[in-house]
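Structural features, examined
Here's the letter readout for the chains.
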Amino acid sequence: IRLKGAQTAHKEAALLALCSRSFKGGRTIVFFKTKQRAHRTKILFGLCKLPPAAELHGDMTQAARLESLERFRKGEAAFLLCTDVAARG
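Here's what I pulled together on the structure shown here. Since we're looking at a predicted model, the values are computed, not measured. (Residues numbered from 1 in each chain as written. Predicted model: local features only at pLDDT ≥ 70, side-chain atom pairs only at ≥ 80, totals over all residues. Heavy atoms only, no water.)

Observations regarding the overall build of the chain
Here is the rule: The way it works is that DSSP assigns letters per residue, a run of H or I at least four long becomes a helix, a run of E at least two long becomes a strand, and they are numbered from the N terminus. Each residue is placed in one exposure class: buried if its accessible area under a 1.4 Å probe, protein chains only, is under 20% of its type's maximum, exposed if it is over 50%, and partly exposed if it falls in between. Throughout, a contact is declared for two residues whenever any of their heavy atoms are within 4.5 Å. To be clear on the numbers: accessible area is Shrake-Rupley with a 1.4 Å probe, and residue cover counts the displayed protein chains and nothing else.
For the chain, the count of helices and strands is 4 helices and 3 strands. Each helix (α) and strand (β) of the chain, taken in turn from the N terminus, gives the series α-β-α-β-α-β-α. For the chain, the residues scored as buried account for 31% of the 89 residues in total. If you take every contact in the chain between residues at least 6 apart in sequence, the share linking residues at least 24 apart comes to 70%. Carbon and sulfur atoms make up 54% of the accessible area of the chain, which amounts to about 6000 Å² in all.

Here it is in structure tokens:
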């Protein structure tokens, strides 16, 4: 889901609402433009008591990236919060 225009001021609130209501039971990948936004969202997910989330971005070592992916694959993390590093493969 892409929010445009006036809705962009409420992106975090909309994302938290969607993830807590609609996507809480399954595995969900969320893309961000910056690694700071992905990290901030992971913290917000924890504060809102959403299921565990894993991060995936360029500042992580390859081992840490693989660990995050494995946690997501095994279902230990319900959300994968990533930047374009995940899109590159």
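So much for the structure itself; the text now carries on.
Observations concerning the sheet that holds strand 2 (residues 53-56)
To be explicit about the condition: At least two bridges found by DSSP between two strands is the condition for calling them paired. Only the contacting stretch of a helix is used when fitting its axis, a line to C-alpha atoms as for every element, and angles between N-to-C directions run 0 to 180 degrees.
If you walk across this open sheet you meet the 3 strands as 1-3-2, and the pairing is parallel. Both edges of this open sheet fall to strand 1 (28-31) and strand 2, since each of them pairs with a single strand only. The average angle at which neighbouring strand axes cross in this sheet is 20°, direction not considered. Looking at chain direction, strand 2 and strand 3 (residues 79-82) are connected through 4 bridges and run parallel.

Regarding helix 2 (residues 35-47)
Think of an α-helix as turning once every 3.6 residues; residues three or four places apart then point the same way. Here is the rule we go by: The span you would expect from a helix comes to 1.5 Å times its residue count less one. As used here, the arc is the angular range of directions from the helix axis to the C-beta atoms.
With 13 residues, helix 2 extends 19 Å from end C-alpha to end C-alpha; this agrees with the ideal 18 Å at 1.5 Å per step. Inspection of helix 2 places Ala38, Thr41, Leu44 and Phe45 among the buried residues, and these make up the whole buried set. Buried residues in helix 2, looked at end-on, bunch into an arc of 120°, giving them a common side. Turned more than 90 degrees off the buried face of helix 2, the exposed positions are Gln36 and Leu47. Where helix 2 is buried, its residues contact helix 1 (11-21), strand 2 and strand 3. Just downstream of helix 2, Lys49 is the residue with a positive phi angle, here 60°.

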